[in-house]
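Spelled out, the chains give:
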Amino acid sequence: MDTRRGPGSPYLLLTVTMLLWGSAFSSSKAVVEHLPPAVAALLRFGGGALALLIALSLFGGRATGRVPGSGWRAAGAGVLGVFAYNGFFFWGLSLAPSLDGGILIPVMSPVLTSGYLLVTGRERASAGRLAGLGLGLVGAGIFFLGAGGSSGGGSTRLAGDALFLLSAVCWAAFTLAGPRVLAGIEPLRATTYATCAGAVLLGVLAAPQLGGVDWGALPAGVWWNAAYLAVGPAAVANLLYYRGVGAVGPAKASLMMFTVPVVNTLCATLFLGESFGALQGAGALVLLAGAVLAVARGRLPGRAAR
């Protein structure tokens, strides 16, 4: 049974996950500046798959009590949450600053998750939640408007932000599928299957570009960032996220995503010198306020989490 406090607390696991993911945006940007997007994604999740396979062989034990088809469901989730998500994400990074991705993906994902739960009747609608969703959509519109016209914006940055939005759609669907994927299979095994399936498809996508990379000329920083992304944000974070979703559900797990923009903004500003204009900043604040209101069901975030 999962405890709510101490080292095994699902909220502590989710907090560590968000810290790793928050730092991953700027770290991924440092890699994609020297490599094609598909190759950068392959390094991250190919390495992550290797790390998880080693962990599974050491700590996974024998697969007992598994529900038939659970392994295939986990692999299918990897197609969505690893392959599709990162295909759009790294492509977006080649066009737009990591700062934009660190705002749009972690904030829009909970909005989309909450909106789906309301539309399908799996959670109850309220005036506060509906107002939050509306406010979030307005904020997203302002953010995209700023991406196209503010200082440092333009059509390229706007296209990158659109790809980040597609990444958010993929991640929302991945989160919603989490409880079903975890039914009858332990989180480590599910995470390994999902990551390996996604990494294989990323390898197919990156294969035509591998020969054109001058591997010997890559700076050491690229390899350090790739290693960090593979072990931390790809392997460890995805495992902790699956454990957190399995313990508290997709709606509450989505609430934790709001810590990612803070971590990402600090990293992107300090290490990459990125910034956005006043209009994008205003849109980000409106989007964040609406997302918190929507996911917290119209209540204060602290009360909603409890």
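See the structure above.
From a predicted model like this one, the values you see are computed outputs, not experimental measurements. (Residues numbered from 1 in each chain as written. Predicted model: local features only at pLDDT ≥ 70, side-chain atom pairs only at ≥ 80, totals over all residues. Heavy atoms only, no water.)

### Concerning the overall build of the protein chain
Within the protein chain one finds 12 helices and zero strands. Listed by position from the N terminus, the elements making up the protein chain come as α-α-α-α-α-α-α-α-α-α-α-α. For the protein chain, the proportion of its 306 residues judged to be buried stands at 53%. Taking the intrachain contacts of the protein chain between residues at least 6 apart in sequence as the baseline, contacts between residues at least 24 apart amount to 89%. Of the roughly 13,000 Å² of accessible surface on the protein chain, a fraction of 69% belongs to carbon and sulfur atoms. (Helix = DSSP H or I, 4+ residues; strand = E, 2+ residues; numbered from the N terminus. Buried < 20%, exposed > 50% of the residue type's maximum accessible area, 1.4 Å probe, protein only. Contact = heavy atoms within 4.5 Å. Areas by Shrake-Rupley, 256 points an atom, 1.4 Å probe, with all protein chains shown as cover.)

### Quick look at the environment of Leu-12
Mapped onto the secondary structure, Leu-12 falls in helix 1 (residues 10-32). Along the sequence, Leu-12 and Leu-240 sit 228 residues apart, while their C-alpha atoms lie 9.4 Å from each other.

### Focus: the side chain of Ser-167
Assignment of secondary structure puts Ser-167 in helix 6 (residues 155-182). Contacts of Ser-167, omitting those with residues within four sequence positions, involve Tyr-85, Phe-88, Phe-89 and Ile-105.

### Section: the nonpolar core
Judged by nonpolar contacts, the single largest core of 71 residues is most densely connected at Met-18, Trp-21, Leu-35, Phe-89 and Tyr-241. For this core, the element with the highest residue contribution is helix 1, accounting for nine residues. The contacts of Met-18, once residues within four sequence positions are left out, are Tyr-241, Ala-253, Met-256, Met-257, Thr-259 and Val-260. Ranked by size, the runner-up nonpolar core spans six residues in total, among them Ala-55, Leu-188, Ala-235 and Leu-239. (Core = buried A, V, L, I, M, F, W, Y, C linked by side-chain atoms within 4.5 Å.)

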